Amino acid sequence: MGKVIVVTSGKGGVGKTTSSAALGAALAQNGEKVVVVDFDVGLRNLDLVMGAERRVVYDLVNVIQGEAKLPQALIRDKRVETLYLLPASQTRDKDNLTPEGVEKVIAALKKAFDWVICDSPAGIERGATLAMRHADIAIVVTNPEVSSVRDSDRIIGLLDSKTLKAENGERMEKHLLLTRYDPARAERGDMLKVDDVLEILSIPLLGIIPESMDVLRASNLGSPVTLADEGSAPSRAYFDAVRRLKGEALPVTVPGERRSFFGKLFGRKAA
Amino acid sequence: MNLFRFFSKTQSAPAARERLQVLLAHERASAGGSDLVAKLKDEILRVISRHMQIDQDKVSVKMERGEQVSTLAVDVEIPFNAAKAAAGRKKAA
Ligand SMILES: Nc1ncnc2c1ncn2[C@@H]1O[C@H](COP(=O)(O)OP(=O)(O)O)[C@@H](O)[C@H]1O
Ligand SMILES: [Mg+2]
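Residues numbered from 1 in each chain as written. Chains lettered and ligands numbered in written order. Predicted model: local features only at pLDDT ≥ 70, side-chain atom pairs only at ≥ 80, totals over all residues. Heavy atoms only, no water.

## So, the overall build of chain B
For clarity, the threshold we go by: A run of H or I in DSSP becomes a helix once it reaches four residues, and a run of E becomes a strand once it reaches two; helices and strands are each numbered from the N terminus. The buried label applies to any residue whose accessible area, calculated with a 1.4 Å probe on protein chains only, is under 20% of its type's maximum; exposed applies above 50%, and partly exposed to all values in between. In this analysis, two residues are considered to be in contact whenever any of their non-hydrogen atoms come within 4.5 Å of each other. Surface accessibility in these figures is a Shrake-Rupley result with a 1.4 Å probe; residues are shielded only by whichever protein chains are displayed.
The helix and strand tally for chain B stands at 4 helices and 2 strands. Helices (α) and strands (β) of chain B occur, in sequence order from the N terminus, as α-α-α-β-β-α. Per-residue burial over chain B gives 22% buried out of 93 residues. A fraction of 49% describes how many contacts in chain B between residues 6 or more apart in sequence connect residues 24 or more apart. Counting every atom, chain B has about 7,000 Å² of accessible surface; 57% of that belongs to carbon and sulfur.

Laid out in structure tokens, this is it:
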């Protein structure tokens, strides 16, 4: 049975879609069978970031409504053969996502893949709650900035109340992915510190992704950054995040600093 | 990004522009309900299902929306029995 991950944040534009593509590709580059699912119905973008926008035939809503079978809607990546995309619908709205339909699709994907990565839409409405509903693991994407941290806090609350895990009295595994981290601004003291964010949200740190031109380049080219440029700083941060996701105890280094977070963070009350 | 990498990379903005132009041309067309490739897909499947019961699992539809040309590949497995039944129906009619 595969593991279901939701990549979520509350706030838009923090890097959920970028991270879903990069983490999904990085896992697949390690030989794992991965599907990334776009839950942003009406505003799909994962297809663009992954460079599959011209090949979308059917989508998640078609599958839920019985207009297409799941295998017909899955798009296999042209570069990594164990990486698949299930696109969102561009023309219909979120009301077409039914809880029963989503449950069926996720159950089927779990059987066929090692990892099912759900790219959540922004907000706390239907799309976001359905994306997190069946998750085993949540990756909370946060920028070191006040409104993003506040929204992440809100999302953590939902993860602990509105998910199947929560309703069954189980613990949802939550990880913080700090993205768009700018060492220059951190140096000047214009950005929330890593420690501050961790203290406020108190969930373990999965990684720190630096703000980088390489991310922009990759999305221009339609390639997850880990595929576009394996050696770039954001790619290395994503590859390391994947190793931690798989259970490896790897210290987190702060971009632009020699300091690394370890023990301290994983020893912190694991929420 | 170090200098070497900076200079060794070609610009990605032109690729972005081109990808967007192709994508948006198709999306704008389909907003008016005239995405030809999508329409063809629907009609082809409808025609096939008029003559035989399509086993959804045996149909694969692949599209590649290009700038000058788009390709549509509809792959339908037609079981021998279904072909025979369709032929029989035609004779009876
Ligand atoms: N590490 C990063 N460095 C630079 N730009 C980034 C980074 N992560 C994301 N971005 C950019 O931020 C914007 C929003 O990212 P996206 O992944 O679409 O966010 P979300 O899915 O949370 O709305 C995009 O333009 C993306 O290229
Ligand atoms: Mg997004």
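Additional details are given in the paragraphs that follow.
## So, the overall build of chain A
As a reminder, the rule being used: The atom set for the radius of gyration is the C-alpha atoms, and the globule formula is 2.2 Å times the number of residues raised to the power 0.38. Positive charges are assigned to Lys and Arg, negative charges to Asp and Glu, while His and the chain termini are left out of the count. Charge positions come from single atoms, namely NZ of Lys, CZ of Arg, CG of Asp or CD of Glu.
The number of helices and strands found in chain A is 14 helices and 10 strands. The C-alpha atoms of chain A give a radius of gyration of 17 Å, which matches the 18 Å a tight globule of 271 residues would have. Seen along its three principal axes, the alpha-carbon backbone of chain A occupies a region of about 55 × 40 × 30 Å. Of the roughly 11,000 Å² of accessible surface on chain A, a fraction of 48% belongs to carbon and sulfur atoms. With 38 positive and 37 negative side-chain charges, chain A shows a separation of 2 Å between the mean positions of the two kinds.

## Considering the sheet that holds strand S8 (residues 205-210) of chain A
In sheet architecture, strand pairing relies on hydrogen bonds along the backbone and comes in two forms, parallel and antiparallel. Residue and element names in this part refer to chain A. We apply this condition: Between any two strands, pairing holds if DSSP finds at least two bridges. Angles here are taken between N-to-C directions and fall from 0 to 180 degrees, while the axes themselves are lines fitted to C-alpha atoms, restricted in helices to the stretch in contact.
Taken in spatial order, the 8 strands make up an open sheet running S3-S4-S2-S5-S1-S6-S7-S8, and their pairing is mixed. Since the sheet does not close on itself, it has two edges, and those belong to strand S3 (75-76) and S8, each with one partner. Here 5 bridges tie strand S2 (residues 34-38) to strand S5 (residues 115-119), and the two strands are oriented parallel to one another. The residue bridging Asp38 from the neighbouring strand is Asp119, located in S5. Packed on one face of the sheet, helix H1 (residues 16-29) meets strand S1 (3-8), S2, strand S4 (83-86), S5, strand S6 (137-142) and strand S7 (173-181) and runs near 170 degrees to S5. Across the sheet, helix H10 (residues 194-201) is in contact with S6, S7 and S8; its angle to S7 comes to roughly 150 degrees.

## Quick look at the site of ligand 1
All names here are of chain A. This is how the line gets drawn: Residues are classed as near a molecule or strand on a simple rule: at least one heavy atom within 4 Å of it. Think of a polar contact as two N or O atoms within 3.5 Å of one another; within protein, one of them needs to be a possible hydrogen donor and the other a possible acceptor, and neighboring residues in sequence only count if both atoms come from side chains. Classes in brief: Ala, Val, Leu, Ile, Met, Phe, Trp, Tyr, Cys and Pro nonpolar; Asp, Glu, Lys and Arg charged; the others, Gly included, polar.
Taken together, the neighbourhood of ligand 1 is formed by 13 residues, with Gly13, Lys16, Thr17, Thr18 and Arg180 sitting nearest. In the model, an oxygen atom of ligand 1 is placed 2.8 Å from a nitrogen or oxygen of the Thr17 main chain. Interatomic distance of 2.9 Å between a backbone N/O atom of Pro210 and a nitrogen atom of ligand 1. In isolation ligand 1 has 560 Å² of accessible area, and contact with the protein removes 80% of it. With 3 residues, H1 is the single largest residue contributor to the shell around ligand 1. Of the residues in the shell around ligand 1, the class split is 4 nonpolar, 6 polar and 3 charged.

## Overview of the nonpolar core
Residue and element names in this part refer to chain A. Rules: Each nonpolar core is a collection of buried residues, namely Ala, Val, Leu, Ile, Met, Phe, Trp, Tyr and Cys, held together in the definition by side-chain atoms within 4.5 Å.
Core analysis: the biggest nonpolar cluster contains 59 residues, and Val35, Phe39, Leu86, Leu97, Leu109, Val116 and Val194 have the highest contact counts within it. Of all the elements, helix H7 (residues 146-159) adds the most residues to this core, at 5 residues. Ignoring any residue separated from it by four or fewer positions in sequence, one finds Leu109 in contact with Val35, Val37, Leu70, Leu74, Leu86 and Val116. Ranked by size, the runner-up nonpolar core spans 37 residues in total, among them Val7, Leu23, Ala25 and Ile139.

## Let's talk about the packing of aromatic side chains
Residues and elements named next belong to chain A. Worth spelling out the cut-off: For Phe, Tyr and Trp, rings pair up if their centres lie within 6.5 Å, where Trp contributes its six-membered ring, and each pair is then called stacked (planes under 30 degrees apart), edge-to-face (over 60) or tilted (otherwise). A ring is scored as having a charge over it whenever the NZ atom of a lysine or the CZ atom of an arginine sits within 6 Å of its centre and within 35 degrees of its normal.
This model, assessed by the stated rule, comprises 1 aromatic pair over all chains. For the ring pair Tyr84 and Phe113, a centre distance of 5.4 Å and an interplane angle of 70 degrees mean the geometry is edge-to-face. Placement of the pair is Tyr84 in strand S4 and Phe113 in the loop between helix H5 (99-112) and S5, with a sequence separation of 29 residues. Neither residue differs from the other here; Tyr84 and Phe113 are each classed as buried. The residue whose ring lies beneath Lys33 is Phe113, and the NZ or CZ to ring-centre distance is 4.9 Å.

## Side note on a nonpolar patch on the surface
Residues and elements named next belong to chain B. Operational definition: What makes a patch is a set of residues exposed beyond 30% relative accessible area and free of salt bridges, joined within 9 Å when like-charged and within 5 Å when nonpolar (Val, Leu, Ile, Met, Phe, Trp, Tyr). Put simply, a salt bridge is a Lys or Arg side-chain nitrogen that is within 4 Å of an Asp or Glu carboxyl oxygen.
Among the surface-exposed residues, Leu36, Leu40 and Ile44 lie close enough to one another that they form a single nonpolar patch of about 260 Å² accessible area. On the secondary structure map, Ile44 appears in helix H3 (residues 36-51). For Ile44, a relative accessible area of 32% gives the class partly exposed.

## Remarks on the confidence of the model for chain B
Residues and elements named next belong to chain B. Convention followed: Values of pLDDT, ranging from 0 to 100, describe the predictor's confidence in every residue of the model.
Of the residues in chain B, 82% reach a pLDDT of 70 or more, and the chain-wide mean stands at 78. Taken element by element, chain B is modelled with least confidence in helix H1 (residues 3-8), mean pLDDT 57, and with most confidence in strand S2 (residues 71-76), mean pLDDT 89. Note on the complex model: pTM 0.89, ipTM 0.74.

## As for the packing of H7 of chain A against H10 of chain A
Geometry of a packed helix pair, given as the angle between the helix axes and the separation of the axes. All names here are of chain A. Put simply, the rule reads: Note on angle classes: values under 35 degrees are labelled roughly parallel, values over 145 roughly antiparallel, values of 65 to 115 roughly perpendicular, and the remainder oblique. Crossings are assigned a handedness: left-handed for a near helix turned anticlockwise from the far helix by less than a right angle, right-handed for a clockwise turn.
Running from N to C, H7 and H10 cross one another at 30 degrees; their axes reach a closest spacing of 10 Å. Classified by the angle between their axes, H7 and H10 sit roughly parallel to one another. For the pair H7 and H10, the crossing hand works out as right-handed. Along its contact with H7, which presents Val149, Ser152, Asp153 and Ile156, the element H10 presents Val197, Ile200 and Leu201. Its residues assigned to classes, the contact of H7 with H10 comprises 5 nonpolar, 1 polar and 1 charged.

## A look at unusual backbone geometry
Residues and elements named next belong to chain A. Of note, Arg180 is a non-glycine position whose phi angle comes to about 55 degrees, a positive value. Relative to the helices and strands, Arg180 resides in strand S7. A relative accessible area of 40% places Arg180 in the partly exposed class. One non-glycine residue, Ser202, lies in positive phi territory at about 40 degrees. Position of Ser202 relative to the elements: it lies in the loop between H10 and S8.

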